Amino acid sequence: MPIQVTMPALSPTMEEGNLAKWMVKEGDSVAPGDVIAEIETDKATMEVEAVDEGTVAKIVVPEGTEGVKVNALIAVLAEEGEDAADAVKAAEGGASAKAGAKAPEAEKPAEAVAPAEKAEAPAQAKPAEAKSASSGDGERVFASPLARRLAKEAGLDLSAIAGSGPKGRIVKADVEAAGKDGGAKAAAPAEAASAAPSAPQAMSDDQVLKLFEEGSYELIPHDSMRKTIARRLVEAKSTIPHFYLTLDCEIDALLALRKQLNDAAPKVKTGDGEKPAYKLSVNDMVIKAHAKALAMVPDANVSWTENAMVKHKNADVGVAVSIPGGLITPIVRRADEKTLSAISNEMKDLAARARSRKLKTEEFQGGNTAVSNLGMFGIKDFAAVINPPHATILAVGAGEQRAVVKDGEVKVATVMSVTLSTDHRAVDGALGAELLAAFKQVIENPMAMLV
């Protein structure tokens, strides 16, 4: 009996991925646990392991293919003694039968239309109308059949709902989210004429391009990472009431301790000789200080949900890492409990694998807070955007020598400005100030990081 190999869902939100590379070829034998392919998501490149034993009868989706839907057939395995051609024929026949069957309601693609929905549509409806709804001004709004039905039952206006599905398609989760926050309510016919103007909309592609002379630019299509970053930033700034607090920290003592610890680092043998067991950066110490501050102010170590405050027991700190085409935030788990050397070595490993897109899903999803450091680029201060479900993010500027007044005298000190962005629903001004004061205390008295 043939074994169908399908595109796996490598994260709860994954809907499609790119088949980057096949590690096997047709005719190869595979066993459970063998790596057979590399899949690229919007955040990482992950290895896919075989779960069954067999011979690769056919590679259905060639490597380099982008936008492969989750659960789509990508390869066929033949069992021991089974003819490869027969296995391929049977597997592809089974896949076709599945494609023609009614999809489960929660995952039904936009192109599929359930019989009940067909019956509801007018006889003269065009097939295109099965794929999209229309806004009041005639613009087509792409939505799954289930999303359209739920929106209709809830009295929601589809044109006012942002879609998170492929190519901006509105899916079930988008309708449910709109229903919870009370948005996207359809205007009653009697009120339509006198309704207030709709919220400002972003310029369309055509509107943007018309502003520039033809031939004066080139179009570089967005990849899945950039699309995800854009969607999440809009979501964060639209749904989270950001509140900002800035504080200056003197870091001369921290720099002195860092040098002392690095100079005292033991040597370890490697293939290239000996090297220090660790090399601490200022960012490593910022991560530790932020984690300790959260432990000191536990009421700020939270995430917001509509029904309850999620109060975390440990400080899992995400750290923004720039990678080609965007950024990713790998997480240092339980940073409040780890030594500086452990944090330093873990961050070097996470950053290296982030840049080569080799992180596992659990290594960049979740976390309680985050640190974004642009000090190495000479940026003095900035405000970072909160990454849901976090309630805080710490933006770190460059350490620079400044004139400070001490005991009535002007002296020179190395000062670093930090800005804490908070979700005002979960961490208000006073609590945020308490957290930032705790961070300043640890940074300016860095020996506290060693105990």
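Residues numbered from 1 in each chain as written. Predicted model: local features only at pLDDT ≥ 70, side-chain atom pairs only at ≥ 80, totals over all residues. Heavy atoms only, no water.

Visitor: Before we go on, may I ask you to explain the overall build of the protein chain in this structure?
Guide: Regarding its fold elements, the protein chain presents eleven helices and 22 strands. Residues classed as buried in the protein chain amount to 38% of the 451 residues present. Of the roughly 25,400 Å² of accessible surface on the protein chain, 54% is carried by carbon and sulfur atoms. (Helix = DSSP H or I, 4+ residues; strand = E, 2+ residues; numbered from the N terminus. Buried < 20%, exposed > 50% of the residue type's maximum accessible area, 1.4 Å probe, protein only. Areas by Shrake-Rupley, 256 points an atom, 1.4 Å probe, with all protein chains shown as cover.)

Visitor: Honestly, the confidence of the model for the protein chain in this entry has me stumped. Any pointers?
Guide: In low-pLDDT segments, the atomic positions of the prediction should not be examined closely. On average, residues of the protein chain score 83 in pLDDT, and 83% of them are at 70 or above. Confidence over residues 97–138 falls short of pLDDT 50; this stretch has 51 contacts with residues more than four positions distant or in other chains. The model gives residues 187–196 a pLDDT under 50, and that stretch makes zero contacts with residues more than four places away or in other chains. (pLDDT = per-residue confidence, 0-100. Contact = heavy atoms within 4.5 Å.)

Visitor: Just to check I follow, could you spell out unusual backbone geometry for this structure?
Guide: Negative phi is the rule for most residues except glycine; trans is the rule for most peptide bonds. The omega torsion across proline 388 and proline 389 is 10°, close enough to zero to call that bond cis. Topologically, proline 389 is positioned in the loop between strand S20 (369–373) and strand S21 (392–406). At asparagine 71, a residue that is not glycine, the phi angle is positive and equals roughly 75°. Even without being a glycine, arginine 357 presents a positive backbone phi close to 55°. Note on placement: arginine 357 falls in the loop between helix H10 (340–355) and S20. Classification of arginine 357 as buried rests on a relative accessible area of 16%.

Visitor: How do you make sense of H10 when you look at a structure like this?
Guide: The α-helix winds at 3.6 residues per turn, so residues separated by three or four positions along the chain end up facing the same way. Spanning 16 residues, H10 covers 22 Å between terminal C-alpha atoms, matching the ideal 22 Å at 1.5 Å per step. Tucked inside the fold, the buried residues of H10 contact helix H8 (252–263), helix H9 (282–296), strand S16 (317–319), strand S17 (321–323), strand S18 (326–328) and strand S19 (331–332). Looking at the residues trailing H10, positive phi occurs at arginine 357, about 55°. (Expected span 1.5 Å × (residues − 1).)

Visitor: Just checking my understanding: could you explain the nonpolar core for this structure?
Guide: Grouped burial of nonpolar side chains is what soluble globular proteins tend to show. Grouped together as the largest cluster of nonpolar side chains are 56 residues, with contacts concentrated most on Val286, Leu394, Val418, Phe439, Ile443 and Met449. The residues contacting phenylalanine 439, other than those within four sequence positions of it, are Cys249, Val286, Ala289, His290, Ala293, Leu394 and Val418. Counting 20 residues, the second-largest nonpolar core is a separate cluster that includes Ala37, Val61, Val68 and Ile74. (Core = buried A, V, L, I, M, F, W, Y, C linked by side-chain atoms within 4.5 Å.)

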